[in-house]
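Letter by letter, the chains look like this.
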Protein chains: 2
Amino acid sequence: MGRRRTVSAGEPLIWEDDDSLLVANVIEGVLKLTTSTADGREQIVGVAYPSDFIGRPFGQTSAASVVALTDARVCVFARNDFDRFAREHPELEHKLLERTLAELDRTRAWMMLLGRKSAPEKIATFLLDMSERLADNGCMAHTGPARQFTLPFSRQQVADLLGLTIETVSRQFTKLKADGVVALPSRRDVEILDRAALEMLAG
Amino acid sequence: MGRRRTVSAGEPLIWEDDDSLLVANVIEGVLKLTTSTADGREQIVGVAYPSDFIGRPFGQTSAASVVALTDARVCVFARNDFDRFAREHPELEHKLLERTLAELDRTRAWMMLLGRKSAPEKIATFLLDMSERLADNGCMAHTGPARQFTLPFSRQQVADLLGLTIETVSRQFTKLKADGVVALPSRRDVEILDRAALEMLAG
DNA sequence: GCGCCAGTTTGATCTGGGTCAAGGAGCGCG
DNA sequence: CGCGCTCCTTGACCCAGATCAAACTGGCGC
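Counting restarts for each chain, with residues numbered from 1 along the sequence as it is written. By the order in which they are written, chains take letters starting at A while ligands take numbers starting at 1. Where totals are concerned, whole chains, interfaces and linings use all residues; where local detail is concerned, this predicted model gives features only for residues with pLDDT of at least 70, and gives and counts side-chain atom pairs only at 80 or more. With hydrogens and water excluded, all non-hydrogen atoms of the structure serve as input to the side-chain values.

S.K.: I'd love a proper account of the protein's contact with DNA strand C, names of residues and values included.
M.R.: For this purpose, a residue is taken to be near a molecule or strand whenever a single non-hydrogen atom of the residue falls within 4 Å of it. The immediate surroundings of DNA strand C are formed by 18 residues, with R155 and T174 of chain A together with A119, T168 and R171 of chain B found nearest. In DNA strand C, atoms within 4 Å of the protein come from the sugar-phosphate backbone in 58% of cases. N or O atoms closer than or at 3.5 Å make up a polar contact, with two conditions inside protein: a donor-capable atom paired with an acceptor-capable one, and, for residues adjacent in sequence, both atoms drawn from side chains. Within the side chain of R171 of chain A, an N or O atom sits 2.9 Å from a base nitrogen of DNA strand C. Between R171 of chain B and DNA strand C, the recorded distance is 2.8 Å, taken from a side-chain N or O atom to a base oxygen. Looking at the surface near DNA strand C, the elements that each hand over two or more residues are helix 4 (155-162) and helix 5 (166-178) of chain A together with helix 3 (119-133) and helix 5 (166-178) of chain B. Here a strand is any run of E in DSSP of at least two residues, a helix any run of H or I of at least four, and the numbering for each starts at the N terminus. Among the elements that line the surface near DNA strand C, the one with the most residues is helix 5 of chain A, at 4 residues.

S.K.: Would you mind going over the relation of the copies chain B and chain A in detail, with residue names and values included?
M.R.: For the pair chain B and chain A, the superposition axis carries a translation of 0.0 Å, the fit reaches an RMSD of 0.0 Å, and the rotation angle comes to 180°. Look at the turn and shift together and you get a two-fold axis relating the two. Residue contacts follow a heavy-atom distance rule, with two residues in contact if any of their heavy atoms lie within 4.5 Å. Both copies contact each other with a shared surface, as 100% of the interface residues of chain B are interface residues in chain A too. What sets the superposition is a least-squares fit of C-alpha atoms, and only residues with pLDDT of at least 70 in both copies go into it.

S.K.: With reference to specific residues and values, describe the sheet that holds strand 5 (residues 42-48) of chain A.
M.R.: Across the sheet, which stays open at both edges, the 3 strands sit in the order 5-4-7 (chain A) with antiparallel pairing between neighbours. Strands with a single pairing partner mark the edges of an open sheet, and in this sheet they are strand 5 and strand 7 (65-68) of chain A. For this sheet, the mean angle separating the axes of adjacent strands, direction not counted, is 35°. The rule for pairing is simple: two strands pair if DSSP sees at least two bridges between them. Examined bridge by bridge, strand 4 (residues 31-36) of chain A and strand 7 of chain A share 4 bridges and lie antiparallel to one another. Bridge pairing in strand 7 of chain A places T34 of chain A opposite S65 of chain A. Lying on the sheet, helix 4 of chain A is in contact with strand 4 and strand 5 of chain A; it crosses strand 5 of chain A at an angle near 95°. In this analysis, axes come from line fits to C-alpha atoms, helices being fitted only over the stretch in contact, and the angle between any two N-to-C directions falls in the range 0 to 180 degrees. Along the sheet face, helix 2 (residues 90-116) of chain B touches strand 4 and strand 5 of chain A and points at about 135° away from the line of strand 5 of chain A.

S.K.: Give me the domain arrangement of chain A: which residues, what numbers.
M.R.: Residue and element names in this part refer to chain A. Partitioning chain A into structural domains gives domain 1 (3-112) and domain 2 (117-202). When each unit is reduced to the centre of its C-alpha atoms, the spacing between domain 1 and domain 2 is 24 Å. Listed by partner, the interface residues are 13 residues for domain 1 and 15 residues for domain 2. Put simply, buried area is the surface a 1.4 Å probe can reach on two separate parts but cannot reach once they are joined, added for both. Taken over both partners, the interface formed by domain 1 and domain 2 buries close to 1400 Å², and the fraction arising from carbon and sulfur atoms is 66%. By the criterion of area lost to domain 2, the three top residues of domain 1 are I44, Y49 and W110, representing 45% of everything that side buries. In what follows, salt bridge is the name for a side-chain nitrogen of Lys or Arg lying within 4 Å of a carboxyl oxygen of Asp or Glu. Across the domain 1-domain 2 interface, the total number found is 0 salt bridges. Between domain 1 and domain 2 we count 4 residue pairs in polar contact (both at pLDDT 80 or more) in total. What counts as a domain boundary in this text is fixed by an automatic or database domain assignment.

S.K.: Which residues make up unusual backbone geometry, and what are the values?
M.R.: Residue S51 of chain A is not a glycine yet carries a positive backbone phi of 85°. Note on classification: 1.4 Å probe, protein chains only; a residue is buried when its accessible area is under 20% of the maximum for its type, exposed when over 50%, partly exposed between these limits. Here S51 of chain A falls in the partly exposed class, since its relative accessible area comes to 32%.

S.K.: Give a description of the side chain of R108 of chain A that names residues and reports values.
M.R.: Checked against the element boundaries, R108 of chain A lands in helix 2 (residues 90-116). Exposure remark for R108 of chain A: the relative accessible area of 13% places this residue in the buried category. Other than its neighbours up to four places away in sequence, R108 of chain A contacts L33, V45, E103 and T107 of chain B.

S.K.: Explain the interface of chain B and chain A residue by residue, including any values.
M.R.: Counting residues at the interface gives 42 residues for chain B, matched by 42 residues for chain A. Here chain B and chain A share an interface that buries about 3900 Å² over both sides, 61% of which is from carbon and sulfur atoms. Counting across the interface, chain B meets chain A through 10 salt bridges. For R116 of chain A, the salt bridge is made with D160 of chain B, and the minimal N-O distance between the two is 3.0 Å. Linking chain B with chain A are 22 residue pairs in polar contact (both at pLDDT 80 or more), by the criterion used here. When contributions to the side of chain B that touches chain A are tallied by element, the ones reaching two or more residues are strand 4 (31-36), strand 5 (42-48), helix 2 and helix 4 (155-162) of chain B. Take the side of chain B that touches chain A: its biggest share by element is 21 residues, from helix 2 of chain B. In terms of residue class, the side of chain B that touches chain A is made up of 17 nonpolar, 11 polar and 14 charged. All amino acids are sorted into three groups, where Ala, Val, Leu, Ile, Met, Phe, Trp, Tyr, Cys and Pro are nonpolar, Asp, Glu, Lys and Arg are charged, and the leftover types, Gly among them, are polar.

S.K.: Which residues make up the protein's contact with DNA strand D, and what are the values?
M.R.: As a matter of local geometry, DNA strand D sits amid 18 residues, with A119, T168 and R171 of chain A together with R155 and T174 of chain B nearest to it. A119 of chain A is positioned such that a nitrogen or oxygen atom in its backbone is 2.7 Å from a phosphate oxygen of DNA strand D. One of the side-chain N or O atoms of R171 of chain A is found 2.9 Å from a base oxygen in DNA strand D. Breaking the surface near DNA strand D down by element, the ones donating at least two residues are helix 3 (119-133) and helix 5 of chain A together with helix 4 and helix 5 of chain B. In terms of residue count, the dominant contributor to the surface near DNA strand D is helix 5 of chain B (4 residues). Across the surface near DNA strand D, the residue classes break down as 3 nonpolar, 8 polar and 7 charged.

S.K.: I'd like to hear about the pattern of salt bridges, residue by residue, with values.
M.R.: Two side chains with opposite charge may pair up if their charged atoms get near one another. One pass over the full model with this rule turns up 28 salt bridges over all chains. The partner of R133 of chain B in a salt bridge is D129 of chain B, and the shortest N-O contact between them spans 2.9 Å. Of the two residues, R133 of chain B and D129 of chain B both sit in helix 3, 4 residues apart, roughly one turn of that helix. As far as burial versus exposure is concerned, R133 of chain B and D129 of chain B are alike and both buried. What you see here is one network of salt bridges that share partners, running through D39 and R41 of chain A together with E121 of chain B.

What follows is the structure, given as C-alpha cells:
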C-alpha cells in the first residue's frame, strides 16, 4: 500500500502516474502548495510538513501544484486505491477529517494576514508561525517555539507566501535586524532575539 | 437531533449554549464567517450557503465568528452530541470530509485573490463567483451562472471579503457600470452585461 | 584563490489603493 | 410628504509597498 518516493529540493511532485491521480503523505521534508495566474504571479496556498497529507481524495483534482522546498520523502497512493481504502476504514477518514479541518483553520487565519495585515505585521506573524512549526532541523517541534531555526524558504518564497514582493521582504528583514529583534546569521537562518517585540508587531 | 433556530440579518450566531459549543447546518439564508484584529480590521474568511456546515467539530473552537447576512434558518447541534453521532455514522463523516475538502479548495483559490490580485481583478472575480453561487433568490443554482442576482453583501462586506476598502469597491463598481460591463439597478442588485469582459478582467 | 552566478540587498522613483472629507440617495417612519 | 438615518459615491490627497535598476555576497567549480 503506497510507494515511497523521494523528491529533491525545487522539484515538483507529479500528480499523474500511470493514468491515475495521486494522494500522498509526507514522511520527511517540506513542500509548498501553490497556485499561479496566467501571467506568472504565484501564491503559496499551503505548506506541507512531515505527517501532512497532500493531494485531493474524492472529487476532481485540485488546482494547486506541489513543489518540494527541501529534499523530501513522501509515500504516494493511486487515488482510486486510496479512496476505496479510506471508505472501508472509518478511522482513517476520521483522522483525515480532523487534519483537513485543522488545515482549513490555518488557511483562514492566513486569509486575514493576506487581506488585512501590513508588511511588518505579515513578516512578524510569519516568523512567529515558523518558530512554532520548526525545530532546529526543520521537523515538527513538540518542545515549544524555537528561538532559532532554518527557514525552508528563499526570500522569493517568503514573498509568495505573504503576498509581498521580494524587495519588501528583504527590507523588512533588514529592519528587524537593525532594530535588534532578530539576528540573521545566514540567508536561511533566523534567531529570534526579542519575541515580545515580534508578538507586538504581529498585531 | 438538532434544534431549529432563526437568525435575522445582521445578528451573530452564538456558539455558546448551555455550556456546550455548537455545530450547525444552514437550511436557508447566507451567513459570513469572519476574523478580526484587535484594532477592528475585519476579514471575511468564509460564506455559508444553504446545506453548508458551520462550526468546528472535534478539537478546539475555531477563531471565526458567524453573523447572518440575510435572515437565516439553521439547525444547531450541541457539539458533544454531534461528535459522538458523527463517529458512529461513517457516512456522515465521509460527507463532512468531502465538503471540508471542497471548502479548503475554495479558500485556497481565495488566498490567491487576496495575495496577488489587483482591485479590478478582485471585483471581477467576485462578481463571477457570485453569479455562480446565487440564483435570483439567493439560493444555490443548478441552472448555470446567473446573469442577474441580488448580492447578500453590503459594500463594506464586499470590501471585507476582498481585502479592500469600501471606497475602492465603490469606485470599481462605478467603473464597471461606466464601461457597460454590468448594470446596477439598485444597491444590492447586479446584472452582468458583458461576461466575457468580466472573465478577461478576472485574469 | 578566482571568477561566476543565483540569490539578495539597497537605492530611487512611481503608483494603486488607502485615507480623509464631503456630498448624494434610498428608505423607513412620523 | 419630508425628515433623518444609514449606506453609498465622489473628490482630493497621501503613502506603503511595488517597480525599476544597480550593487553586493556567498557558494561552487575550476
